[in-house]
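Coordinate analysis (summary)
Here's the letter readout for the chains.
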Amino acid sequence: NAGVTQTPKFRVLKTGQSMTLLCAQDMNHEYMYWYRQDPGMGLRLIHYSVGEGTTAKGEVPDGYNVSRLKKQNFLLGLESAAPSQTSVYFCASSPRTGIGELFFGEGSRLTVL
Amino acid sequence: KQEVTQIPAALSVPEGENLVLNCSFTDSAIYNLQWFRQDPGKGLTSLLLIQSSQREQTSGRLNASLDKSSGRSTLYIAASQPGDSATYLCAVHPGAGSYQLTFGKGTKLSVIP
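All of the points below concern the structure found in this document. (Residues numbered from 1 in each chain as written. Chains lettered and ligands numbered in written order. Predicted model: local features only at pLDDT ≥ 70, side-chain atom pairs only at ≥ 80, totals over all residues. Heavy atoms only, no water.)

Thoughts on the interface of chain A and chain B
Stated precisely, the cut-off is as follows: It only takes one pair of heavy atoms within 4.5 Å for two residues to be counted as in contact. By buried area we mean how much accessible surface two parts lose on assembly, using a 1.4 Å probe and totalling the loss over both. Whenever Lys or Arg places a side-chain nitrogen within 4 Å of a carboxyl oxygen from Asp or Glu, that contact is recorded as a salt bridge. Side-chain atoms alone can form a polar contact between residues adjacent in sequence; in general such a contact is a pair of N or O atoms within 3.5 Å, and within protein one must be able to donate a hydrogen while the other accepts it. Strands here mean DSSP runs of E at least two residues long; helices mean DSSP runs of H or I at least four residues long; both are numbered from the N terminus. In this classification, the charged set is Asp, Glu, Lys and Arg, the nonpolar set is Ala, Val, Leu, Ile, Met, Phe, Trp, Tyr, Cys and Pro, and all remaining amino acids, among them Gly, are polar.
Across the boundary between the two partners, chain A contributes 23 residues, which contact 21 residues of chain B. Interface area for chain A against chain B, summed over the two sides, is near 1800 Å², with a carbon-plus-sulfur share of 56%. Where chain A meets chain B, there are one salt bridge. Here Lys42(B) and Glu106(A) are joined by a salt bridge, their closest N and O atoms 3.6 Å apart. The tally of links between chain A and chain B comes to four residue pairs in polar contact (both at pLDDT 80 or more). For the side of chain A that touches chain B, the secondary-structure elements that each account for two or more residues are β4 (31–38) and β5 (42–49) of chain A. The residue makeup of the side of chain A that touches chain B, split by class, is twelve nonpolar, eight polar and three charged.

Now the structure itself:
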């Protein structure tokens, strides 16, 4: 039972570099989410998707882009990384929003120098 | 704007004690409330989900209650064990048409053997 898998788990970037975080779920869930978790700030929603081919902005979308070309995958991209994007990123999925549970990946720790 | 507060931020109890974790929210118009557990360096695991029409949910030694009118939820842990040591977060869902849960910042629980 893989559930929600995130890669990579750790990454160090220099300011201005780009990278992509990959989230894969094997539960056939429609909804997928990207959160960031920062000390003292709690979890904040970056972007989400309600199905294959759809994406939408969450609470803190600036500096990030996402794509959902396949139902099982949700990619989070940083085009030009900034130190303020140093954080732990979590992907989550749910079968139906507002009703079902959220299933989280184990997180990707990103440091931007 | 919905705000979710969890007090205390940290709690230490001896093994075997029963304990209560608190979660309060400012807007009572919620669809459901979830309690999560987060172990250090890991993702969130859903423990219990309470729909707005329910008063409580139970799973093993865990019991979560919901009082929408007062904007409060409690997570009761019976006969605590060292393995219960983790951070516990609650999150509220605003309802249809929104995909953005609001998370509390969590209570870090330490169960001392």
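Some points on the sheet that holds strand β3 (residues 19–25) of chain B
Residues and elements named next belong to chain B. Quick note on the threshold: Whether two strands pair comes down to DSSP finding at least two bridges between them.
Ordered in space as β1-β3-β8-β7-β6, the five strands form an open sheet in which the pairing is antiparallel. Strands at the two margins of the open sheet, each flanked by one partner only, are β1 (4–5) and β6 (56–59). In the sheet, β3 pairs with strand β8 (residues 72–77) via six bridges, with the strands oriented antiparallel. Each bridged residue has a counterpart across the sheet, and for Ser-24 the counterpart in β8 is Arg-72.

Some words on the state of the cysteines
What counts, and what does not: Put simply, a disulfide is two cysteine sulfurs that come within 2.5 Å. Relative accessibility decides the category of a residue: with a 1.4 Å probe and only protein chains considered, values under 20% of the type maximum give buried, values over 50% give exposed, and everything between is partly exposed.
Within this structure, the stated rule accounts for two disulfides over all chains. Note that Cys23(A) is cross-linked by a disulfide to Cys91(A), the S-S spacing being 1.9 Å. The sign of the -75° torsion about the S-S bond sets the Cys23(A)-Cys91(A) disulfide as left-handed. With Cys23(A) in strand β3 (residues 19–25) and Cys91(A) in strand β9 (residues 87–94), the pair connects residues that are 68 residues apart, well separated along the chain. The same class applies to Cys23(A) as to Cys91(A), namely buried. The side chain of Cys23(B) participates in a disulfide bridge whose partner is Cys90(B); the two sulfur atoms lie 2.0 Å from each other. Looking down the S-S bond of the Cys23(B) and Cys90(B) bridge, the torsion is 80°, so its handedness is right-handed. Residue Cys23(B) is found in strand β3, and its partner Cys90(B) is found in strand β9 (residues 86–93); the two are separated by 67 residues along the sequence.

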